Amino acid sequence: MNSDRRDFLLKTGKLLVLSSAAAAAWEAILAGRAETADNYKMSDHWWGMVIDIEACIGCGNCVRACKEENDVPRDPRYFRTWVERYTVESDDLEHPHVDSPNGGYDGFPEKPGADPRAKHFFVPKLCNHCAHSPCVQVCPVGATFESPDGVVLVDKAYCLGCRYCVQACPYGCRFINPATETVDKCSLCYHRITKGLTTACCETCPTGARQLGDLKNPNDPIHQFLRDHAVHVLKPQMATGAKVYYNGLDGSVR
Ligand code: SF4
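As the structure is a computational prediction, the values presented were derived from the model and not from experiment.

Draft legend 1. Examining the nonpolar core more closely. Within the largest apolar cluster, 44 residues are counted, with the highest numbers of intra-cluster contacts made by M49, L188 and Y246. Elements represented by at least two residues in this core include exactly β1 (47-52), α3 (61-70), β2 (81-88), β4 (119-126), α6 (190-193), α7 (200-204) and β10 (244-247). Ranked by size, the runner-up nonpolar core spans 11 residues in total, among them C139, V152, Y158 and C159.

Draft legend 2. Here's a closer look at the pattern of salt bridges. Using the criterion set out here, one finds nine salt bridges in the structure. D99 serves as the salt-bridge partner of R85, at 2.8 Å between the closest nitrogen and oxygen. You can see R85 sitting in strand β2 and its partner D99 sitting in strand β3 (residues 97-99), a full 14 residues away along the chain. Side by side, R85 and D99 carry an identical accessibility label, which is buried. The shortest N-O distance in the salt bridge between R192 and E203 comes to 2.9 Å. You can see R192 sitting in helix α6 and its partner E203 sitting in helix α7, a full 11 residues away along the chain. Judged by relative accessible area, which is 9%, R192 ranks as buried. Salt bridges sharing partners connect three or more residues here, namely E69, R192 and E203.

Draft legend 3. Representation of the site of the ligand within the structure. Taken together, 14 residues are adjacent to the ligand, and C56, C59, G60, C62 and C205 come closest. Classifying every residue of the shell around the ligand by side-chain character gives nine nonpolar, four polar and one charged.

Draft legend 4. Seen up close, the sheet that holds β2. Spatially, β3-β2-β4 is the arrangement adopted by the three strands of the open sheet, whose pairing is antiparallel. The open sheet is flanked by β3 and β4, the only strands paired with a single partner. The mean inter-strand angle of the sheet, taken between neighbouring strand axes irrespective of direction, is 25 degrees. Note: β2 against β3, three bridges, orientation antiparallel. Looking at β3, one finds that T87 is bridged to H97.

Draft legend 5. Quick peek at the packing of aromatic side chains. Throughout the structure, instances matching the rule amount to four aromatic pairs. A ring pair is formed by Y78 and F175, whose centres lie 5.4 Å apart and whose planes are at 35 degrees; its orientation type is tilted. With Y78 in the loop between α3 and β2 and F175 in strand β7 (residues 175-177), this residue pair connects regions lying 97 residues apart in the sequence. When sorted by exposure, Y78 lands in the same class as F175, which is buried. Both rings, one in Y86 and one in F121, keep their centres 5.4 Å apart while their planes meet at 10 degrees; by these two values the pair is stacked.

Draft legend 6. Seen up close, the sheet that holds β10. Spatially, the three strands line up as an open sheet ordered β9-β1-β10, and their pairing is mixed. Each edge of the open sheet is held by one strand with a lone partner, namely β9 (210-214) and β10. Averaged over neighbouring strand pairs, the angle between their axes works out to 25 degrees when direction is ignored. In this structure, β1 lies alongside β10, joined through four bridges in parallel fashion. Paired with I51 across the two strands is Y246, which belongs to β10. Across the sheet, helix α8 (residues 221-228) lies against β1, β9 and β10, angled at about 50 degrees from β1, the strand it touches most.

Draft legend 7. Broad picture of the environment of H223. Within the fold, H223 resides in helix α8. On the accessibility criterion, H223 (19% relative accessible area) is buried. Once you skip the residues sitting within four places of it in the chain, H223 turns out to touch D214, L215, N217 and P218. In terms of polar contacts, H223 uses its side chain to reach the backbone carbonyl oxygen of L215, at 3.3 Å.

Draft legend 8. Up close: the confidence of the model for the protein chain. Overall, the prediction assigns the protein chain a mean pLDDT of 88, with 85% of residues at 70 or greater. Taken together, the stretch residues 1-22 has pLDDT below 50 and engages in 29 contacts with residues farther than four places along the chain or on a different chain. Counted against residues more than four places away or in other chains, residues 30-34, with its pLDDT under 50, gives 11 contacts.

Definitions and limits used
- Residues numbered from 1 in each chain as written.
- Predicted model: local features only at pLDDT ≥ 70, side-chain atom pairs only at ≥ 80, totals over all residues.
- Heavy atoms only, no water.
- Core = buried A, V, L, I, M, F, W, Y, C linked by side-chain atoms within 4.5 Å.
- Buried < 20%, exposed > 50% of the residue type's maximum accessible area, 1.4 Å probe, protein only.
- Helix = DSSP H or I, 4+ residues; strand = E, 2+ residues; numbered from the N terminus.
- Salt bridge = Lys/Arg side-chain N within 4 Å of Asp/Glu carboxyl O.
- Near = heavy atom within 4 Å.
- Nonpolar A, V, L, I, M, F, W, Y, C, P; charged D, E, K, R; others polar.
- Pairing = 2+ DSSP bridges.
- Axes fitted to C-alpha atoms, helices over the stretch in contact; angles between N-to-C directions.
- Phe/Tyr/Trp six-rings, centres within 6.5 Å; stacked < 30°, edge-to-face > 60°.
- Contact = heavy atoms within 4.5 Å.
- Polar contact = N/O pair within 3.5 Å; in protein donor to acceptor, adjacent residues only side chain to side chain.
- pLDDT = per-residue confidence, 0-100.

What follows is the structure in structure tokens.
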């Protein structure tokens, strides 16, 4: 939540409805402390991710690891990250065929009868942790917010389950978790990255197609990757400040 919005909510007393646990979490966030990591300073970091489409083999390791790590319901309607397979025939970028059986959880079976001349590639997707997040702007109670280290988070204790943010996300990255009846989405494994670990999806990717990066750390390999590759973000026309950077994105990907 930006400071103007937070000040407004404080002035209007809306933060007073926080539960004690949520209030404690908020105090930690506003004080620059994250979760249980004692030496983590939010202002030192600005997180993003690079995804190298040319390296993704569609194995689904990332999808399985994410569900396991973050206790995402196994029901195939719910994902914090998923993988789409694009099939582009005759360079017809306007009409790609996209499939994502079970979100890519089990990998991708070969398509019978597929045109061998068609171009195939895999596109992992997740929350883009936008710097100007449409989801944050529509949340009526400030339950979804941008943390100072560039991660879009949800305070479940405060979420009403109203779905405004689900509608507002241009990337389809949010869902209502049936177990909590609050909104759920990728947190960039915040509980891990604040302790110096990478995300579960990056850790289990066998090809390095996904790489967490700290854009504020000049020594982070993400900078070299961004210098060496012509990366793009999804839906750049929406000017969301998306921080998931794709290498190898062609015009067919939406
Ligand atoms: S684990 Fe890596 S290679 Fe496998 S589907 Fe995910 S991004 Fe692609």
